[in-house]
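# Chains, contacts and geometry: an overview
Take a look at the letters that make up each chain.
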2 protein chains.
Amino acid sequence: MKALIAALMLSVATPVWAGEPCCATGDLGLVIERATGSVLVIDRSDRAAIGRIEGLGDLSHASLTYSPDERFAYVFGRDGGLTKIDMLTRTVAKRIVQGGNSIGGAISDDGRLIAVSNYEPGGVKVFDAETLDQIADIPAGAKTIGLVDVPGRRFAWATWETGEAFMADFSGPEMKLTKLGDVGANPFDAVLTEDASTYLIGLFGEKGVTAIDLWDDQPEPVRFLEDYGKTEDDLPVYKMPHLQGWAFTEGQYVLPAVGQYELLWVDSDTLQEVARTPTHGQPVFIIAQPASPYVWVNFATPLNDTVQVIDSRTHEVVKTLTPGAAVLHMEFAPRGAEVWISARDDNTVAIYDTRSFERVGEIAADSPSGIFFTARAHRTGL
Amino acid sequence: MKALIAALMLSVATPVWAGEPCCATGDLGLVIERATGSVLVIDRSDRAAIGRIEGLGDLSHASLTYSPDERFAYVFGRDGGLTKIDMLTRTVAKRIVQGGNSIGGAISDDGRLIAVSNYEPGGVKVFDAETLDQIADIPAGAKTIGLVDVPGRRFAWATWETGEAFMADFSGPEMKLTKLGDVGANPFDAVLTEDASTYLIGLFGEKGVTAIDLWDDQPEPVRFLEDYGKTEDDLPVYKMPHLQGWAFTEGQYVLPAVGQYELLWVDSDTLQEVARTPTHGQPVFIIAQPASPYVWVNFATPLNDTVQVIDSRTHEVVKTLTPGAAVLHMEFAPRGAEVWISARDDNTVAIYDTRSFERVGEIAADSPSGIFFTARAHRTGL
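Now for a description of the structure that goes with this document. All values reported here derive from a predicted model rather than from experimental measurement. (Residues numbered from 1 in each chain as written. Chains lettered and ligands numbered in written order. Predicted model: local features only at pLDDT ≥ 70, side-chain atom pairs only at ≥ 80, totals over all residues. Heavy atoms only, no water.)

## Quick notes on the overall build of chain A
Short version of the rule: Note on conventions: DSSP H or I runs of at least 4 residues are helices, E runs of at least 2 residues are strands, and numbering of each starts at the N terminus. Throughout, the radius of gyration refers to the C-alpha atoms, and the reference size of a globule is 2.2 Å times the residue count to the power 0.38. The criterion used for residue contact is that any of the two residues' heavy atoms lie within 4.5 Å. Note on areas: these come from Shrake-Rupley sampling with a 1.4 Å probe, and a residue is covered only by the protein chains present in the view. In this tally Asp and Glu are treated as negative and Lys and Arg as positive; neither His nor the chain ends contributes. Where a charge lies is defined by one atom per residue type, namely NZ (Lys), CZ (Arg), CG (Asp) and CD (Glu).
The helix and strand inventory of chain A stands at one helix and 32 strands. Radius of gyration (C-alpha) of chain A: 21 Å, near the 21 Å computed for a compact globule of 382 residues. Projecting the C-alpha coordinates of chain A onto the three principal axes gives extents of approximately 75 × 50 × 35 Å. Contacts spanning at least 24 positions in sequence make up 40% of the contacts within chain A whose residues lie at least 6 apart. As displayed, chain A has an accessible area near 15,100 Å², and 49% of this comes from carbon and sulfur atoms. Of the side-chain charges in chain A, 31 are positive and 53 negative, and the distance between the mean point of each set is 5 Å.

## Focus on the interface of chain A and chain B
Quick reminder of the rule: Buried area: the sum, over both parts, of the accessible surface (1.4 Å probe) that disappears when the two are put together. Salt bridge, as used here: a side-chain nitrogen of Lys or Arg that lies within 4 Å of a carboxyl oxygen of Asp or Glu. Charged means Asp, Glu, Lys or Arg here, nonpolar means Ala, Val, Leu, Ile, Met, Phe, Trp, Tyr, Cys or Pro, and polar covers whatever is left, Gly included.
If you look at the interface, chain A gives 40 residues, while chain B gives 40 residues. Here chain A meets chain B over a buried area of about 3,300 Å², counting both sides, of which 50% is carbon and sulfur. The residue A:Asp149 makes a salt bridge to B:Arg335 at a minimum N-O spacing of 2.8 Å. By residue class, the composition of the side of chain A that touches chain B is 14 nonpolar, nine polar and 17 charged.

## Structural notes on the relation of the copies chain A and chain B
Think of it as a corkscrew move, a rotation about one axis and a shift along it, taking one chain copy to the other. What counts is decided by this rule: Least-squares superposition aligns the copies on the C-alpha atoms of those residues with pLDDT at or above 70 in both.
Of the transformation placing chain A onto chain B, the axial shift is 0.0 Å and the rotation is 180°, giving an RMSD of 0.0 Å. Interpreted geometrically, this transformation is the action of a two-fold axis. A share of 100% of the interface residues of chain A reappears at the interface of chain B, consistent with the copies meeting face to face through the same patch.

## What about the environment of B:Asp86?
Residue and element names in this part refer to chain B. Worth spelling out the cut-off: Three labels apply to residues, based on accessible area from a 1.4 Å probe with only protein chains included: buried if under 20% of the type maximum, exposed if over 50%, partly exposed otherwise in between. We define a polar contact as two N or O atoms separated by no more than 3.5 Å, with the added condition that, inside protein, one atom must be a possible hydrogen donor and the other a possible acceptor, whereas residues neighbouring each other in sequence contribute only through side-chain atom pairs.
If you trace the backbone, aspartate 86 turns up in strand 6 (residues 81-86). Overall, aspartate 86 belongs to the buried group, its relative accessible area being 6%. Excluding residues that lie within four positions of it along the chain, aspartate 86 makes contacts with Arg71, Phe72, Thr91 and Ala93. Among the polar contacts listed, one links the side chain of aspartate 86 to the side chain of arginine 71, at a separation of 2.7 Å.

## Regarding the sheet that holds strand 16 (residues 187-192) of chain B
All names here are of chain B. Test applied: If DSSP finds at least two bridges between two strands, the strands pair. Orientation is described by axes fitted as lines to C-alpha atoms, over the contacting stretch for helices, and by angles from 0 to 180 degrees between their N-to-C directions.
Taken together, four strands build an open sheet; the order of strands is 16-17-18-19 and the sheet is antiparallel. Since the sheet does not close on itself, it has two edges, and those belong to strand 16 and strand 19 (221-224), each with one partner. Averaged over all neighbouring strand pairs, the angle between strand axes comes to 25°, with direction disregarded.

## Here's the deal with the environment of A:Val126
Residues and elements named next belong to chain A. Note on placement: valine 126 falls in strand 10 (residues 124-128). Valine 126 sits in the buried class, given a relative accessible area of 0%. Excluding anything up to four places from it in sequence, valine 126 contacts Leu113, Ile114, Ala115, Asp133, Gln134, Ile135, Ala136 and Phe170.

## What to know about the side chain of A:Ser292
Among the structural elements, A:Ser292 can be located in the loop between strand 24 (283-288) and strand 25 (294-299). Only 2.9 Å separates the side chain of A:Ser292 from the backbone oxygen of A:Gln289, close enough to count as a polar contact. Polar side-chain contacts of A:Ser292 include one of 3.0 Å to the backbone nitrogen of A:Tyr294. Setting aside anything within four residues of it in sequence, one finds A:Ser292 in contact with B:Asp195 and B:Trp215.

Next comes the structure, spelled out in structure tokens:
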């Protein structure tokens, strides 16, 4: 009888996950469960959760990146934790706490180096992707923001207090650090265009956006959109839209108008504004649907139950959906057939067909935020 | 003693492959060994061959595509063979001979359908990706060329004898076949731009290139480059450059000038020629290096020991390399750090660092031609 109870308890305690044990890793992904410090392992083809990994610390502001073989994920948590996850065994392979307040990281194009940018103590640290041993510690005397990988074992970032941008090159026997220039007061985020040509830096301390052409032999910061930025002096920094939410489509940058219910469209050659699109709310993420003319947009609270689809040729809204309460993130299947949308307060990840706009599936998740498919392993600047 | 001899023979007969048994599939690939009907399994991270699969029939003109989970490859052979390969077990999972003379295929964006285009008996056949059971047979009364996958469970192709283009849509309960238009005399190959917006069709029977905007509600063929095409009446079809060898970079199409030692650069918006680049020989493949301004070009016999690197901003040659005898194909690591180059007559795949141009590795292969990394699973139109 005791044995029976024990067996029953075991079967209750061990969740039964859908699908067979997987091995190929091309269609897997992770969903950040922000309240519980856990991640859900998902199988895109089966539209199913296949496991949960716990013990990742504070994931209230988390991002991650994948190794080139799509076996390992490196999760950057708010508490400075760097956790290496094995997608095959669905376990934590290694975890270190590398700083006091980490805000993001990147993996080098050869998959050998993991760089992490820190608010506390500031600077950038670089680790061996296999062992998580520290390889470099690059103090900045400032918070570092907008860390991206650049082709050729390089990383770029900007500094909040000192308004500078830097590039570190790990392609030779010694790391080479180069200052890319003075970019303006209080850069709060930065992003790399998908061809890796242009590093775009958003400013909090003054108006405008700074672009640096990384393909230039002597890169120099160029200011554009001179009116872009905060509209009130007391606008808190957490209301500034993240630049990871800028899309690049049809020769345009698409970005949120700060504090407005609008998108801005900027010609990527001339750096001039070419159109505005009125939207349902304050845009948060603007994400280009692969192999299509469309971008998908979610919105800031309290209008965050809605997603809109906008045509980048006409700049018009073509569809409005209400996937659920507190839509935090959207991730496309790499060839664009589906979009997965996290609705935090519904504890759901909803799956939509991008052509029919039908809801084709959903997955239970605990306060889901970021969704990350392994196909990201093959993209630059994420 | 007999047992010892048997053991020795076995160890001779079983090649010892580098590396451990792999499981994650994100950094694997296949190299077509054209003379022996075999494929070599490669590990990109280890720069090593890790297996060989034999019995694939006539691979003298072969291509392949991958399932979304990067577990299975579908190889299209010249003999009409369709072979499904399991990258995990490194075995043939299934093989059928579906036609008399096949020239290429594609996988639907949801990974469920495999389409094959045939010279003999003509038409397109569609198979279940899991079982290889036939799902549709679409006779064309003509040889079909330039078969591509289009988002939304669709495929497009053109017909040689009748000069038409078609789209088949498998998103509903019944397949829907639409004629896209009359595209010109004897289309010999076609290709989809990387944003899946434009289907480009090369003509053999007359001059010019035909473009069809697939994002248009009523797609119509548009002719451009009115002087493009064969320069002599007796130019055989096999000398026409394949359109899979066209690159898309920095708002331009880059294509080989037929019969000339030149590249043409065409503005993708205006469809006007904007520049020409003199090259070492007759260009065959022109491939854009990911996350860079560069395209890499190989050349027709007898100048086929050479590869040139050209800057798409200046249209100038920046590097000339001689990787080996009979360079047939080039494949980039998905984030562009390396290029793998097959040198058929050296029985070698050479690996170059794209930034330093150093030869960083090589792999022995038997008359290698096409090189295909699993990251292709995540790209449209291949």
